Protein chains: 2
Amino acid sequence: MTTVSMSREQVVELMRAGQTLLIAGFEEVEAEGVALVGQSAVSFATSSWERPGGGGGTARVLTEGVVFERAGVNVSAVHGDAVPPSLYHDRPHLKGAPYFATGVSMVLHPRNPYVPAFHANYRYFEAGDDRWFGGGMDMTPAYGFDEDARHFHTTLKAYCARHAIANYQTLKETCDRYFTINHRQEMRGIGGIFFDMLEPQGDDGFERGLAFAKDGIETILAAYLPVVRRRMAMPYGERERQWQLYRRGRYAEFNLVYDKGTVFGLQTNGNIEAILMSMPPLARWEFQIALEPGSPEADVSRFLQPQDWAA
Amino acid sequence: MTTVSMSREQVVELMRAGQTLLIAGFEEVEAEGVALVGQSAVSFATSSWERPGGGGGTARVLTEGVVFERAGVNVSAVHGDAVPPSLYHDRPHLKGAPYFATGVSMVLHPRNPYVPAFHANYRYFEAGDDRWFGGGMDMTPAYGFDEDARHFHTTLKAYCARHAIANYQTLKETCDRYFTINHRQEMRGIGGIFFDMLEPQGDDGFERGLAFAKDGIETILAAYLPVVRRRMAMPYGERERQWQLYRRGRYAEFNLVYDKGTVFGLQTNGNIEAILMSMPPLARWEFQIALEPGSPEADVSRFLQPQDWAA
C-alpha cells in the first residue's frame with residue numbers, strides 16, 4: 001500500500017507542478033501581448049473546489065486577457081468508494097472497486113482569430129489493481145496555416161519518439177477519430193495526439209507512464225506557444241472576428257454533443273463550472289453560411305480532415 | 001387509403017398556411033421595429049430542401065433584423081419506408097412500418113434583451129395504422145417580467161380550454177419537465193405547453209386533433225407578439241446585452257444536450273442547418289458568473305422553476 005500511496009502523491013505533484021509551469025508560460029505570452037498593445041495585464045484567478053464524495057481541485061482561469069479571451073487550467077484529484085459506470089463499462093472487473101483519479105486539463109480560447117484554440121489534458125487512474133494514464137492535446141485554428149500544423153504535429157511526433165511506450169501514428173489517429181464532429185463530417189481542428197488507458201507493463205511501468213506524462217505536459221509549451229507568438233500580433237478585422245466566433249460554434253457543438261468528459265460530467269452532476277470552462281467565451285451560429293470559394297475561410301476545411309502533418 | 005391521403009394533404013396544407021400566417025405576423029412586428037429606429041427592413045429568406053429518403057421542406061429565415069436577431073420558421077413533410085428507431089422505440093408494433101411526418105417549427109431570437117426568445121412546433125405523424133399529433137410552445141426570457149409570464153400562460157390556458165382533448169395543467173407540466181436543463185437544475189425558460197403523441201379517439205378524432213393544432217398555430221401570435229411589442233423598445237445597454245448572450249449559452253446547452261429533436265437529428269444525419277437553426281445567433285459562456293443579489297439578472301432564476309402563472 002505504501003507504493004500505491006507514493007505513486008499517487010507523485011502523480012498529483014506532477015499535475016500540480018504542471019499547472020504552475022503552464023500558467024507561467026501562458027502568463028508570459030499574455031504579458032508579451034499586453035506589452036504590444038499597452039493595456040493593463042490580466043492574470044489567472046484561482047478557484048478551489050471540493051467534491052462531496054472525496055477530493056477536489058483548483059481551477060485557474062484568465063478572463064478577458066489581451067492574448068487569451070479566456071484560458072483555464074484545472075487540476076483535480078478525486079477518489080471514491082466505487083468506480084463510476086463509465087469506468088466499469090470498459091472494465092467490468094472494476095465494478096464496486098474504490099478508485100482514485102487525478103489530472104490536469106486546459107482550454108485556451110485566444111482573442112486574435114489567427115491564433116488557434118488549444119486543449120490538453122493528462123490524467124491518471126487507480127482502481128482495484130489497475131493503474132493507467134490518459135491524455136493528449138489538440139489544436140483548433142479558425143484559419144489554417146500549414147506551417148503551424150506542421151510545427152504542432154512535428155513537435156508531438158518528436159515527443160512520442162522519446163518514449164518507447166508511445167507511437168505517434170497511433171496516438172494521432174486516435175485523436176483524429178475522437179475529435180470528429182460527426183454531424184458536420186469534419187474534425188474539431190487539426191488534431192494532435194490522444195491516448196486512453198495507457199498501462200505500461202513491467203516493474204518500471206508506472207515510472208515510464210509518469211515520464212511520458214511529465215514530458216507531455218512540458219511539451220505543451222513547445223507545441224503551442226510558438227504558434228501563438230507567430231500569430232498573436234497579426235492584424236484582423238470584423239470579418240475575421242465573426243469567422244472565429246462561427247468556428248467556435250463548432251467547438252461548442254463538439255463539446256456538448258460528443259466530448260465524453262463533458263457529457264459524462266453533465267450527466268453525473270459534476271462541477272458544472274469546471275466542466276463547462278471548456279466552452280468558448282463567445283460563439284456564433286449562422287444559418288447556411290456562404291463561403292467565397294478560395295477564401296481563407298473556405299480554406300480551413302482542408303485542415304479539418306485527417307492529414308499527415310508530421311511527414 | 002383515400003382518407004389517409006386526404007388527411008395528409010389537410011395537415012400539410014395547415015402547416016404551410018401556418019408558416020405563411022406566422023411569418024406575416026413576425027414581419028409585421030419587425031416592420032414596427034424598423035419604423036421605430038428608421039433602419040432598412042429585413043424580410044424572411046426562403047430556402048427549400050429535399051430529403052434523399054423522401055419529402056422535403058422549406059426553411060424561412062430572417063437574419064439580422066431590428067426586432068429579431070434571427071427568426072426561423074420551418075415546414076417539412078417527409079416519408080419513408082420504415083419508421084426510424086426513435087419512433088418504434090416507443091411503439092414497437094410500428095417497426096418496419098412506412099411512415100409520414102409533417103410539421104411546422106420555429107425559433108425566434110430577439111435582439112432586445114428584454115424580449116424573450118420563443119420556440120414552437122406543431123407536428124403530425126402517420127405510421128402503420130397510427131396517427132398522432134404533437135407540439136407546443138415555450139418562451140425563454142433573459143429578464144423576467146411577471147406580467148409577460150402571466151399573459152403567455154393565461155393565453156395558453158384559454159387556448160387549451162377551447163379543446164376537450166387538451167388539459168392545460170397536464171400540457172404545462174409536460175413542458176416544465178421537458179424544457180429542464182438537468183445539469184443546471186433550472187428550466188430553459190418559463191415553459192408553456194407541450195404534448196407528444198396526442199391521439200384523439202373516435203370517428204372525429206383526426207378532425208379534433210387538426211382543430212387543436214390549427215388553433216395552436218394561430219395562438220402563437222396572440223401568446224407571443226404582445227410580449228414582443230411591450231418590450232422591444234425598452235432601452236438597454238451593454239450589461240443587458242451581455243446577460244442576454246450569457247442566458248443564450250444556457251439555451252445552446254439545452255438544445256445540444258437535451259433536446260430530443262436536435263440530438264436525434266444530429267445522430268441520424270438530418271438537415272444540419274435546419275436542425276441547428278434553433279441555435280442562438282450569438283451566445284456567451286462565463287466561468288462562475290457572479291450575480292448581484294436582488295439584481296434583475298439574479299431575479300430571473302425564480303422564473304426558471306415551475307410556477308402556476310395562469311392561476
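In this text the structure is predicted, and so the values were computed from the model without any measurement.

1. Quick look at the overall build of chain A
And step 1. When you go through chain A residue by residue, the secondary structure sums to nine helices and 10 strands.
And step 2. Here the C-alpha radius of gyration of chain A, 19 Å, is about what a compact globule of 311 residues would show, namely 19 Å.
And step 3. Taken along the three principal axes of its C-alpha coordinates, chain A extends 60 × 40 × 35 Å.
And step 4. The burial tally for chain A puts 45% of its 311 residues in the buried class.
And step 5. Contacts in chain A between residues at least 24 apart in sequence constitute 67% of all its contacts with a sequence separation of at least 6.

2. What about unusual backbone geometry?
All names here are of chain B.
And step 1. Non-glycine residue E64 carries a positive phi angle of around 55°.
And step 2. With 11 C-beta atoms packed within 10 Å, E64 lands in the exposed category.
And step 3. The backbone of Q185 sits at a positive phi, close to 50°, despite the residue not being glycine.
And step 4. Along the chain, Q185 falls in the loop between β7 (180–181) and β8 (186–187).
And step 5. For Q185, a count of 11 C-beta atoms within 10 Å gives the class exposed.

3. Examining the pairing of strand β1 (residues 45–50) of chain B
And step 1. Little of β1(B) sits out of view: just zero of its six residues are buried.
And step 2. Taken together, β1(B) and the strand that follows it, strand β2 (residues 55–63) of chain B, pair antiparallel across an intervening segment of four residues, in which B:G54 is found at a positive phi of about 140°.

4. What about the interface of chain B and chain A?
And step 1. On the side of chain A, 24 residues touch chain B, which itself brings 24 residues to the contact.
And step 2. Of all elements in the fold, only β2, α6 (238–257), α8 (272–275) and β10 (282–284) of chain B reach the threshold of two or more residues within the side of chain B that touches chain A.
And step 3. Sorting elements by how many residues they give to the side of chain B that touches chain A places α6(B) first, with four residues.
And step 4. Among the residues forming the side of chain B that touches chain A, the class breakdown is 15 nonpolar, five polar and four charged.
And step 5. Relative to β10(B), strand β10 (residues 282–284) of chain A is paired through three bridges, and the arrangement is antiparallel. Paired with A:R284 across the strands is B:L282, a residue of β10(B).

5. Observations concerning the sheet that holds strand β4 (residues 99–110) of chain B
Residue and element names in this part refer to chain B.
And step 1. Spatially, the seven strands line up as an open sheet ordered β1-β2-β3-β4-β5-β6-β9, and their pairing is antiparallel. With partners counted over all chains shown, the strands left at the sheet margins are β1 and β9 (192–198), one partner each. Taking each pair of neighbouring strands and ignoring which way they run, the sheet shows an average axis angle of 10°.
And step 2. As judged from the 12 bridges shared by strand β3 (residues 68–80) and β4, these two strands associate in the antiparallel manner. Bridged to G80 within β4 is Y99.
And step 3. On the sheet, helix α4 (residues 168–178) packs against β6 (130–140) and β9 and is oriented at approximately 100° with respect to β9.

6. Side note on the confidence of the model for chain A
Atom-level detail of predicted coordinates should not be read off regions where pLDDT is low.
And step 1. Put simply, chain A has an average pLDDT of 93, and 98% of its residues get 70 or more.
And step 2. As a predicted assembly, this complex carries a pTM of 0.93 together with an ipTM value of 0.91.

7. Re the relation of the copies chain B and chain A
And step 1. Least-squares fitting of chain B to chain A yields an RMSD of 0.0 Å, with the superposition described by an axial translation of 0.0 Å and a rotation of 180°. Here the two chains are linked by the operation of a two-fold rotation axis. The position closest to the rotation axis in chain B is occupied by the C-alpha of B:A283, lying 2.7 Å away.
And step 2. Looking at the interface residues of chain B, 100% of them are also at the interface in chain A, so both copies use one shared face.

8. Here we look at the nonpolar core
And step 1. The biggest cluster of nonpolar side chains holds 160 residues, and the ones touching the most others in it are A:L108, A:I193, B:L108 and B:I193.
And step 2. For B:I193, the contacting residues outside a window of four places in its chain are B:G136, B:M137, B:L156, B:C160, B:Y168, B:L171, B:K172 and B:C175.

9. Overview of the environment of B:F212
All names here are of chain B.
And step 1. Inspection of the secondary structure assignment puts F212 in helix α5 (residues 205–231).
And step 2. When the 23 C-beta atoms within 10 Å are taken as the criterion, F212 is described as buried.
And step 3. C-alpha of F212 to C-alpha of C160: the two residues are 52 residues apart in sequence and 8.2 Å apart in space.
And step 4. Contacts of F212, omitting those with residues within four sequence positions, involve F133, H163, I165 and A166.

10. Points about the sheet that holds strand β9 (residues 192–198) of chain A
All names here are of chain A.
And step 1. Read from one edge of the open sheet, seven strands run β1-β2-β3-β4-β5-β6-β9, paired in antiparallel fashion. Strands at the two margins of the open sheet, each flanked by one partner only, are β1 (45–50) and β9. Across the sheet, the mean angle separating the axes of adjacent strands is 10° when strand polarity is ignored.
And step 2. Strand direction decides the pairing type here: strand β5 (residues 117–127) and strand β6 (residues 130–140), joined by 11 bridges, are antiparallel. Bridged to A117 within β6 is T140.
And step 3. Here helix α4 (residues 168–178) sits on the sheet in contact with β6 and β9, set at roughly 100° to β9.

Criteria and cut-off values
- Residues numbered from 1 in each chain as written.
- Chains lettered and ligands numbered in written order.
- Predicted model: local features only at pLDDT ≥ 70, side-chain atom pairs only at ≥ 80, totals over all residues.
- Helix = DSSP H or I, 4+ residues; strand = E, 2+ residues; numbered from the N terminus.
- Rg over C-alpha atoms; globule rule 2.2 N^0.38 Å.
- Buried ≥ 20, exposed ≤ 12 C-beta atoms within 10 Å, placed from the backbone.
- Contact = placed C-beta atoms within 7 Å.
- Pairing = 2+ DSSP bridges.
- Nonpolar A, V, L, I, M, F, W, Y, C, P; charged D, E, K, R; others polar.
- Axes fitted to C-alpha atoms, helices over the stretch in contact; angles between N-to-C directions.
- pLDDT = per-residue confidence, 0-100.
- Least-squares fit on C-alpha atoms with pLDDT ≥ 70 in both.
- Core = buried A, V, L, I, M, F, W, Y, C linked by C-beta atoms within 7 Å.

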